[in-house]
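Here is what each chain is made of, one letter per residue.
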Amino acid sequence: MPVTQFEFKEKYRYQNGFDNQFETEAVPGALPVGHNSPQKPPLGLYAEKLSGTAFTAPRHENKQTWTYRILPSASHPPFELAKVGEEIAEHFEPKKLQYIPNQLRWDPFDHEEDTDFVSGLHLVAGAGDPTVKQGIAIYIYAAGKSMDERSAFYSADGDLLLVAQDGVLDIRTELGWLLVRPMEIAVIPRGVKYQVHLPAGPARGYALELYQGHFLLPELGPIGSNGLANARDFQAPVASFSEDHGTTASNGPNGYTVTAKFNNTLFSTVQPHTPFDVVAWHGNYYPYKYDLGRFNTIGSISFDHPDPSIFTVLSAPTDHIGTAVADFVIFPPRWLVGEDTFRPPWYHRNTMSEFMGLITGAYDAKKGGSGGFVPGGASLHNVMSGHGPDAESYEGARNAELAPAKVGAGSCAFMFESCLMVGVTEWGLKKCAKVQAEYSDHSWGGVKVHWRRPEGADAASHLL
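The rules we used
Residues numbered from 1 in each chain as written. Predicted model: local features only at pLDDT ≥ 70, side-chain atom pairs only at ≥ 80, totals over all residues. Heavy atoms only, no water. Buried < 20%, exposed > 50% of the residue type's maximum accessible area, 1.4 Å probe, protein only. Helix = DSSP H or I, 4+ residues; strand = E, 2+ residues; numbered from the N terminus. Contact = heavy atoms within 4.5 Å. Core = buried A, V, L, I, M, F, W, Y, C linked by side-chain atoms within 4.5 Å. 1 Å grid on protein atoms, 1.4 Å probe; cavity = no way out; pocket = protein on both sides within 12 Å on 5 of 7 lines; lining within 4 Å. Points joined across faces, edges and corners; volume = space filled by probe spheres on them. Nonpolar A, V, L, I, M, F, W, Y, C, P; charged D, E, K, R; others polar. Pairing = 2+ DSSP bridges. Axes fitted to C-alpha atoms, helices over the stretch in contact; angles between N-to-C directions.

(A) Broad picture of helix H2 (residues 391–398). Ala-391, Ser-393, Glu-395 and Ala-397 are the residues of H2 that are buried. Those residues of H2 that are buried are in contact with helix H4 (439–444).

Rendered as structure tokens:
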């Protein structure tokens, strides 16, 4: 069935579509008609534009949203360095990345009891520099408590793609609410303030921050006009707001702590009015979510395993056509019917780096269990580092009866693939204490030699 059956039921309304021009108002008449910035916006609101691209970006790339709010975002005291512990500050430190060619795999990352979403973000790997808007950062999040109701967080560094693995995220954004459950993803654009609640207890998952550009749906080419992730299945919030303010922006009954991530450094300010005061908005720059169960998986119906790019959900392209700074790829339940075909993904060396995680179930090319590839864990195969099925999985597929078979029932793995060589943080290599030291040997040390020289055959000489 092409819709995930979630244990935690949906509680919000949404607008459906990808890269649409949406409009929504929580109070009738809050949206101006016919123009964006009237002399006096309706209901005494302030008009504020949120730009996700340069003003002069081509029309098909231009990202902007007009918000109509009780007080403008500029109304706050100066930001100062956030008073966070040194350990939390190190979670965002990309300057000490270690670039190594070894294959890496991690056991499931720990749940954490005392952290909220922001303090529970751990930088695992990355490349590039947010100050020049180039590169990516890959995180694990582990939150044990909700963010304070009088707090908000935003990143000036990039768009954040969230992959929920365990636990439910109830995300309040300036533009409305998103409920994100395991088997759902969400994207929160650069600059959008948000607050994360945990309605079902501790939560853990994966995240990728995109320093450059924005995620798009991949081109379908010969596939045609439908397939993979269909635009109609993406969901954006409807306007929702709070009223907590005084007679001016500088007085109010309560203080709200706003934390900004700016060049991977945390800054904060306390303002006497809620940042969640957008009564109406219209535009195409907004947070959204997607149910991975709706992905229309496409593959070979004759022979050979296609390139995994056929499983791309979202892509963030570079200026070089066909090359992405980040692709989000999934390996959901699917039928395999290839004749005379090694059906799992083949052995591979890739000019792209591949960070994989497992949301649920078991991945068909890697064994699970202790020391294996299991939900909540991850692997990294960097640029040109050889990888592929472990010895046990290879032998199983090599000798399998090739009847039509459905693989991955109840499972979903994913991959962040990037054209960039990614470095790994000290936390990712050591402090998390989850690296499987014997990963390479356990996976490929037992690969058998099947080569047999045909009797009487000589190798052709390469010499003149």
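(B) Local environment of the nonpolar core. By size, the foremost hydrophobic cluster in this structure holds 54 residues, and its most contacted members are Trp-106, Phe-215, Leu-314, Phe-328 and Phe-416. When residues of this core are assigned to their parent elements, the largest contribution, four residues, is made by strand S22 (residues 324–331). Other than its neighbours up to four places away in sequence, Phe-416 contacts Ile-138, Leu-161, Val-163, Tyr-206, Ala-207, Leu-208, Asp-327, Phe-328, Ser-353, Glu-354 and Phe-355. If you look at the next biggest cluster of nonpolar residues, it comprises 32 residues, including Phe-117, Leu-178, Ile-188 and Leu-198.

(C) Spotlight on empty space enclosed by the protein. Counted under the stated rule, the structure contains six cavities of 30 Å³ or more. In this structure, the largest cavity spans a volume of roughly 210 Å³. The wall of the largest cavity is formed by 17 residues, among which Pro-345, Trp-346, Glu-354, Tyr-363 and His-387 lie closest to the centre. Partitioning the lining of the largest cavity into residue classes produces ten nonpolar, five polar and two charged. Computed from the structure, the second largest cavity encloses a volume of approximately 130 Å³. Lining the second largest cavity we find Phe-18, Asp-19, Lys-63, Asp-159, Val-187, Pro-189, His-214, Phe-215, Asn-284, Tyr-285, Tyr-286 and Tyr-288. Residues that form the lining of the second largest cavity fall into these classes: seven nonpolar, two polar and three charged.

(D) Molecular detail of the sheet that holds strand S25 (residues 378–381). Judged by pairing direction, the sheet is antiparallel, and its six strands sit side by side in the order S6-S25-S24-S27-S22-S21 without closing on themselves. Lying at the two open borders of the sheet, with one neighbouring strand each, are strand S6 (104–106) and strand S21 (312–317). In this sheet, adjacent strand axes meet at a mean angle of 10 degrees when their direction is disregarded. Relative to S25, strand S24 (residues 353–360) is paired through four bridges, and the arrangement is antiparallel. Residue pairing for S25: Gly-357 is matched across the bridge by Ala-378.

(E) Layout of the layout of surface pockets. Computed from the structure, the largest pocket encloses a volume of approximately 1,500 Å³. If you trace the largest pocket, you find 44 residues lining it, with Leu-216, Ser-315, Ala-316, Pro-317 and Thr-318 closest to the centre. The set of elements that each furnish at least two residues to the lining of the largest pocket consists of S21 and S22. Per element, the largest residue contribution to the lining of the largest pocket is four residues, and it comes from S21.

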